[in-house]
Protein chains: 2
Amino acid sequence: MSESLRELSAQRSFGGWHRRYGHRSGTLDCDMELAVYLPPAAEHGPVPALWWLSGLTCTDENFMQKAGAHRLAAELGLAIVCPDTSPRGTDLPGEHDSWDFGSGAGFYVNASREPWSAHYRMFDYVTRELPSLLEAALPLNGVRSISGHSMGGHGALICALKRPELYRSVSAFAPIANPSACPWGDKAFSAYLGEDRETWKAWDACELIRSQGCDFALLVDQGDADNFLHDGQLRPEALEAACEDARVELTLRRQPGYDHSYFFIASFIDEHLRFHGRQLSR
Amino acid sequence: MSESLRELSAQRSFGGWHRRYGHRSGTLDCDMELAVYLPPAAEHGPVPALWWLSGLTCTDENFMQKAGAHRLAAELGLAIVCPDTSPRGTDLPGEHDSWDFGSGAGFYVNASREPWSAHYRMFDYVTRELPSLLEAALPLNGVRSISGHSMGGHGALICALKRPELYRSVSAFAPIANPSACPWGDKAFSAYLGEDRETWKAWDACELIRSQGCDFALLVDQGDADNFLHDGQLRPEALEAACEDARVELTLRRQPGYDHSYFFIASFIDEHLRFHGRQLSR
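Residues numbered from 1 in each chain as written. Chains lettered and ligands numbered in written order. Predicted model: local features only at pLDDT ≥ 70, side-chain atom pairs only at ≥ 80, totals over all residues. Heavy atoms only, no water.

**Q** Now, about the sheet that holds strand β1 (residues 5–13) of chain A: what can you tell me, with residues and values included?
**A** All names here are of chain A. Here we have six strands laid out as an open sheet, ordered β1-β2-β3-β5-β4-β6, and mixed in their pairing. Sheet topology places β1 and β6 (140–148) at the edges, where each strand pairs with a single neighbour. Between one strand axis and the next, the sheet turns through 25° on average, direction left out of account. Bridging between strand β4 (residues 47–53) and β6 involves six bridges; their strand directions are parallel. Considered in β6, the bridge of Val 47 is made with Leu 140. Running over the sheet, helix α9 (residues 262–280) touches β4 and β6 and is turned about 145° from β4. (Pairing = 2+ DSSP bridges. Helix = DSSP H or I, 4+ residues; strand = E, 2+ residues; numbered from the N terminus. Axes fitted to C-alpha atoms, helices over the stretch in contact; angles between N-to-C directions. Contact = heavy atoms within 4.5 Å.)

**Q** So, the nonpolar core: which residues are in play, and what are the values?
**A** As a rule of thumb, soluble globular proteins bury nonpolar side chains together. Core analysis: the biggest nonpolar cluster contains 103 residues, and Phe 63, Phe 107, Leu 134 and Tyr 192 of chain B have the highest contact counts within it. Residue contributions to this core peak at eight residues, all from helix α3 (residues 122–137) of chain B. Every residue in contact with Phe 63 of chain B, bar those within four places of it in the chain, is listed here: Trp 52, Ser 54, Ala 69, Ile 80, Cys 82, Tyr 262, Ile 265 and Ile 269 of chain B. Of all hydrophobic cores here, the second largest spans 102 residues; its members include Leu 34, Ala 69, Ala 172 and Leu 239 of chain A. (Core = buried A, V, L, I, M, F, W, Y, C linked by side-chain atoms within 4.5 Å. Buried < 20%, exposed > 50% of the residue type's maximum accessible area, 1.4 Å probe, protein only.)

**Q** Give a description of the interface of chain A and chain B that names residues and reports values.
**A** Chain A puts 21 residues into the contact, and the matching count from chain B is 21 residues. Summing both partners gives a buried area of about 1800 Å² for chain A against chain B, and 55% of it is carried by carbon and sulfur. When the area that chain A buries against chain B is broken down by residue, the three leading residues are Arg 12, Gln 65 and Phe 263 of chain A, summing to 36%. For the pair chain A and chain B, the interface holds zero salt bridges. Counting across the chain A and chain B interface gives 12 residue pairs in polar contact (both at pLDDT 80 or more). Where the side of chain A that touches chain B is concerned, the elements lending two or more residues are β1, α1 (61–66), α2 (70–76) and α9 of chain A. With five residues, α9 of chain A is the single largest residue contributor to the side of chain A that touches chain B. Looking at side-chain class alone, the side of chain A that touches chain B contains seven nonpolar, nine polar and five charged residues. (Buried area = accessible area lost by both parts, 1.4 Å probe. Salt bridge = Lys/Arg side-chain N within 4 Å of Asp/Glu carboxyl O. Polar contact = N/O pair within 3.5 Å; in protein donor to acceptor, adjacent residues only side chain to side chain. Nonpolar A, V, L, I, M, F, W, Y, C, P; charged D, E, K, R; others polar.)

**Q** Could you give me a rundown of the packing of aromatic side chains, with the residues and numbers involved?
**A** Considering all chains together, one arrives at 36 aromatic pairs over all chains under this definition. For the pair Phe 173 of chain B and Phe 264 of chain B, a centre-to-centre distance of 5.7 Å together with 80° between the ring planes defines the contact as edge-to-face. Of this pair, Phe 173 of chain B sits in strand β7 (residues 171–173) while Phe 264 of chain B sits in helix α9 (residues 262–280), and the two are 91 residues apart along the sequence. The exposure classification of Phe 173 of chain B matches that of Phe 264 of chain B, with both residues buried. Following the ring pairs from residue to residue traces out a cluster consisting of Trp 52, Phe 63, Phe 173, Tyr 258, Tyr 262, Phe 264 and Phe 268 of chain A. Sitting above the plane of the Phe 123 of chain A ring, Lys 162 of chain A keeps its charged end 5.6 Å from the centroid. (Phe/Tyr/Trp six-rings, centres within 6.5 Å; stacked < 30°, edge-to-face > 60°. Lys NZ or Arg CZ within 6 Å of the ring centre and 35° of its normal.)

**Q** Can you lay out the packing of helix α6 (residues 205–212) of chain B against helix α8 (residues 236–246) of chain B for me, pointing to particular residues and giving the numbers?
**A** All names here are of chain B. Following both chains from N to C, one finds α6 and α8 inclined at 5°, their axes separated by 9 Å at the closest point. Judged by the inter-axis angle, α6 sits roughly parallel to α8. Taken together, the residues of α8 that come into contact with α6 (itself represented by Cys 206, Ile 209 and Arg 210) are Ala 238, Leu 239, Ala 241, Ala 242, Cys 243, Asp 245 and Ala 246. Classifying every residue of the contact of α6 with α8 by side-chain character gives eight nonpolar, no polar and two charged. (Parallel < 35°, antiparallel > 145°, perpendicular 65-115°, else oblique.)

**Q** I'd like to hear about the pairing of β1 of chain A, residue by residue, with values.
**A** Residue and element names in this part refer to chain A. Pairing geometry for β1 and strand β2 (residues 16–25), over eight bridges, is antiparallel. Across the sheet, Ser 9 pairs through a bridge with Arg 20, a residue of β2. The hairpin turn running from β1 into β2, its antiparallel successor, is two residues long, and Phe 14 in that turn takes a positive phi close to 50°.

**Q** So what about the state of the cysteines? Which residues, and what values?
**A** All told, the structure shown has zero disulfides over all chains when counted by the stated rule. Cysteine Cys 206 of chain A is unpaired, with the sulfur of Cys 243 of chain A as its nearest cysteine sulfur at 7.3 Å. (Disulfide = S-S within 2.5 Å.)

**Q** Kindly report on the environment of Val 81 of chain A, identifying the contributing residues and their values.
**A** All names here are of chain A. Structurally, Val 81 is set in strand β5 (residues 79–83). C-alpha of Val 81 to C-alpha of Trp 51: the two residues are 30 residues apart in sequence and 4.7 Å apart in space. When neighbours within four sequence positions are excluded, Val 81 is seen to be in contact with Ala 35, Val 36, Ala 49, Leu 50, Trp 51, Trp 52, Leu 134 and Leu 140.

What follows is the structure in structure tokens.
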């Protein structure tokens, strides 16, 4: 293992290992924690990985504990990488005051406004620093797909749209699909990126799809009893319109009766794992 | 629904429903909460149920969120019932001071010593009051199996041993198999039952098996990297000896490298669900 990656715990799960690590992030200028699930196949050689970006208030632990994803990842021979959702251990003004902004809410952007720009560079962290660090230290073969939930669904979409060469496939659960046009995104982008809304377009999946298209076939699940859908935070209709205009293949499944919780994610994670597994193993 | 059962939330999961309820327990003389998973089959008629008893510090939520059990329960047409682990909302002397005693640690016994005897009657609660209440109000057909983890594995074993007519099958994960002879049990039984250790035998799976035998074939999983195993809290070797002496069929599987966590439970819950499903559906 790299000297810079410190193992915090290791737990057997479905014949593989759930391992948590700590490290000093140069990109974020703070200490970070993360989790990796290594399937049994990783004992025989490097394996591909599904990167999972979590939503508001989450850490690396939510998906690992609640999604029920280890079972099929073990069977398919896929690793799962769960980064945290923001820089930690910093103490910027107002950073810990809201559950939808600051700590736990990095929005996977590179902040350009002070004081956030000194730490809140989650996009570079998850697309550059972490892949390099983990693939050098762990049995990961550098073949990646990416998915996520809510804020992390937004994160997965913009990572794949802005760095398509890094991923084989992308999917999302109830993503914040159009953050420039919803209250959560408005609050976060104003602070992290500033008031010039033109600069927001580079971090909004709908805007990116309209401006540059997308070669991925997108898979998105959205519960139709999701209270944040009804509050206008998620805007799958905007994603649908952008994909239609840009002729991007989108499978948007409105799942009847499902809410925003991990019960929703667990119910459909196997289909996402198989979707990614087909691309990761080819 | 019974007037006495108040629905707190309902969430779609694997085509069925995860529902949480509140009610006033006459047995425990306090307000309680619990959770039920109803599989899709429950929309067409009453279904059998696996009762799950959780361990120290848990509530009804841990198993539902972390075990990954809904997927196969939905497929097999089994409900899951998760009671809480102790009376709640009371404020007895010392009740909330330790994580291994009092609230969150009812040990599924009927306490005989004051002040605990006024509320801590979890055995009657899970074997009498709750089955009557839930089976009158929900699409449950009264056919039951029981399982649990750690303190709840102890609970599952004593429920099945003391009231075999209520269950079709019983299993356990890392149960406190011999509470009369471990620090956790010693602390809890001294307070709930008093210093006369003879009275403890009626609440100890090993003692019950030796005194009365057992017609169930027992399935027990135990991780061999479980720190509580090494601390002498679980004592599967005592269960093994009791079953051998009483000629009880015990399948005790020592799972290499697994610890005491929900990753261990999730890794083997499908096998327990199939084990119970065979008995519940016959």
